[in-house]
Amino acid sequence: EPEVTQTPSHQVTQMGQEVILRCVPISNHLYFYWYRQILGQKVEFLVSFYNNEISEKSEIFDDQFSVERPDGSNFTLKIRSTKLEDSAMYFCASSESGAAGTEAFFGQGTRLTVV
Amino acid sequence: DAKTTQPPSMDCAEGRAANLPCNHSTISGNEYVYWYRQIHSQGPQYIIHGLKNNETNEMASLIITEDRKSSTLILPHATLRDTAVYYCIVRVVNTDKLIFGTGTRLQVFP
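As a starting point, this report considers the structure included with it. (Residues numbered from 1 in each chain as written. Chains lettered and ligands numbered in written order. Predicted model: local features only at pLDDT ≥ 70, side-chain atom pairs only at ≥ 80, totals over all residues. Heavy atoms only, no water.)

1. Some thoughts on the state of the cysteines
Next up, step 1: Applying the stated criterion to the full structure yields 2 disulfides over all chains.
Next up, step 2: Each sulfur in the disulfide pair Cys23(A) and Cys92(A) lies 2.0 Å from the other. Across the S-S bond of Cys23(A) and Cys92(A) the torsion is about -65 degrees, and the bridge reads as left-handed. One end of the pair, Cys23(A), is in strand 3 (residues 19–24); the other, Cys92(A), is in strand 9 (residues 88–95), with 69 residues separating them in the sequence.
Next up, step 3: Residue Cys23(A) is classed as buried on the basis of its relative accessible area, which comes to 0%.
Next up, step 4: Put simply, Cys22(B) and Cys88(B) are joined by a disulfide, and their sulfur atoms are 2.1 Å apart. Handedness here is read from the sign of the S-S torsion; for Cys22(B) and Cys88(B), about -80 degrees, the answer is left-handed. Of this pair, Cys22(B) sits in strand 2 (residues 18–23) while Cys88(B) sits in strand 8 (residues 84–91), and the two are 66 residues apart along the sequence. Both residues of the pair, Cys22(B) and Cys88(B), count as buried. (Disulfide = S-S within 2.5 Å. Helix = DSSP H or I, 4+ residues; strand = E, 2+ residues; numbered from the N terminus. Buried < 20%, exposed > 50% of the residue type's maximum accessible area, 1.4 Å probe, protein only.)

In structure tokens, the structure reads:
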């Protein structure tokens with residue numbers, strides 16, 4: 001069964017460093033998403049991406065964050081200068097389309113720890 | 001904010017049906033109801049979704065009331081592996097995002 005793959009599973013970084021989280025969406029999917037979940041809190045939407053541009057983003061997704069689809073298979077989330085409060089699980093998701101009745105499938109997540 | 005209300009926790013005996021309720025009284029006519037679950041801190045797992053009609057797949061059944069103001073997710077024969085947080089989500093029209101609430105923590109016991 002096709003699945004969304006995320007690497008690494010755990011990333012530890014020093015405050016102020018840049019990190020790139022990587023995702024391989026399901027191959028025929030066209031819409032890509034990043035969500036995050038701070039420990040003990042809700043899953044929060046960060047950004048959606050379609051046709052090589054951001055289609056929607058949340059207030060959390062400020063100038064420190066960027067997304068990119070550098071080739072035909074990868075989808076990345078970059079945090080330029082990490083803060084302690086960026087420590088969270090980051091989930092990538094993908095869907096065939098953005099239509100209302102389409103399901104999104106999530107990866108297993110990257111646990112980011114900022115020290 | 002999430003447009004749904006769910007009980008914070010429920011218990012279910014292994015082998016019995018788990019019926020998880022969800023209220024979404026402000027749902028609009030073209031908004032879908034989605035169910036996901038999250039086991040420990042793993043990625044949310046898609047279960048099922050529906051608009052008006054009841055739906056069934058290999059994992060679960062979704063029963064939506066006629067007025068669409070509430071729904072019930074049914075796991076017909078719960079197993080210990082079904083212990084998870086279950087999220088009922090109304091996908092708002094004209095948006096890509098899923099807005100997660102706090103969900104229902106289902107504990108399946110032997």
